[in-house]
Amino acid sequence: MIRPHVASVLVDDQSRAEAFYVGTLGLAKAADIAIGEGRWLTVQGGDGQGVELLLEPTGYDFARDYQRALYVHGVPAMSLRCDDLNAEVERLTGLGVCFRGEPTPGSQSAPATAIVEDGCGNLIMLVEG
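Since the model is a prediction, treat every value here as computed from it, not as a measurement. (Residues numbered from 1 in each chain as written. Predicted model: local features only at pLDDT ≥ 70, side-chain atom pairs only at ≥ 80, totals over all residues. Heavy atoms only, no water.)

Turning to the overall build of the protein, a few remarks are in order. Looking only at helices and strands, one finds 3 helices and 7 strands in the protein. Secondary structure elements in the protein, listed N-terminal to C-terminal, are β-α-β-β-β-α-β-α-β-β. Rg of the C-alpha trace for the protein: 15 Å, near the compact-globule value of 14 Å for 129 residues, within the 12% margin. Along the first, second and third principal axes, the C-alpha set of the protein runs to 45 × 35 × 35 Å. Across the 129 residues in the protein, those meeting the buried criterion constitute 37%. Across the protein, contacts joining residues at least 24 apart in sequence account for 54% of those joining residues at least 6 apart. (Helix = DSSP H or I, 4+ residues; strand = E, 2+ residues; numbered from the N terminus. Rg over C-alpha atoms; globule rule 2.2 N^0.38 Å. Buried < 20%, exposed > 50% of the residue type's maximum accessible area, 1.4 Å probe, protein only. Contact = heavy atoms within 4.5 Å.)

Glancing now at the pairing of strand 2 (residues 28-35). Every other side chain in a regular strand lies on the same face of the sheet, so the side chains alternate between the two faces. Of the strand pairs in this sheet, strand 2 and strand 3 (residues 38-44) are connected by 7 bridges, and their pairing is antiparallel. Counted as the bridge partner of I35 is G38 from strand 3. Connecting the antiparallel pair strand 2 and strand 3 is a turn made up of 2 residues, with G36 showing a positive phi of about 60°. (Pairing = 2+ DSSP bridges.)

On to the side chain of N122. Relative to the elements of secondary structure, N122 occurs in the loop between strand 6 (113-117) and strand 7 (123-128). Within the structure, the side chain of N122 is placed 2.9 Å from the side chain of D118, a separation counted as a polar contact. Not counting the four nearest positions on each side in its chain, N122 is found in contact with V9, L10, V11, Q67, Y71, A77, V116 and E117. (Polar contact = N/O pair within 3.5 Å; in protein donor to acceptor, adjacent residues only side chain to side chain.)

Judged by pairing direction, the sheet is mixed, and its 4 strands sit side by side in the order 1-4-3-2 without closing on themselves. Strand pairing shows two members of the sheet lacking a second neighbour, strand 1 (6-11) and strand 2, which therefore form its edges. Here the strands of the sheet are splayed against their neighbours by 25° on average, with no regard to which way each runs. Sheet contacts for helix 1 (residues 14-24): strand 1, strand 2, strand 3 and strand 4 (52-57); angle to strand 3, the most-contacted strand, approximately 10°. (Axes fitted to C-alpha atoms, helices over the stretch in contact; angles between N-to-C directions.)

In terms of nonpolar packing, the biggest core is built from 25 residues, with Y21, L55 and F99 touching the most fellow members. Contacts of Y21, omitting those with residues within four sequence positions, involve V9, G26, L27, V43, L53, L55, M78, D118 and I124. (Core = buried A, V, L, I, M, F, W, Y, C linked by side-chain atoms within 4.5 Å.)

A word on helix 3 (residues 85-94). Three or more residues of helix 3 are buried, namely L85, V89 and L92. Within helix 3, the buried residues cover an arc of 75° as seen down the axis, which keeps them to one side. Turned more than 90 degrees off the buried face of helix 3, the exposed positions are N86, E90 and G94. For helix 3, the secondary structure elements touched by its buried residues are helix 1, strand 5 (78-82), strand 6 and strand 7. Measuring from the backbone nitrogen of N86 back to the side-chain oxygen at the start of helix 3 gives 3.2 Å, which picks out D84 as the cap. A positive phi of about 85° marks G96, the residue just after helix 3. (Arc of directions from axis to C-beta.)

Encoded structure:
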């Protein structure tokens, strides 16, 4: 059986990304290995389970251009699932996290969502469910 192991999101500053994804969102650091000027820095669910998310430095012009284009056009770089979106929005707002607009309520055909800025050049969609 094949299943996802590592996915990545481009970040413009790995230290700031670590602070946000681990310190603010509550994900667990899975790996932190120095590689050249960057790090192989991965996080995963707060319980230390699931697919690892590589906080990948934008080391190439094309990577920075791609990341910036997504951000400028309001396209989330990825989505993260949470159990209670309203509780997370309240918690993260209290921590000073910037949201793009109000959360979208869920329906029978679509889950509730909210778009958050990660402070590292990305928009991240939080999805309840």
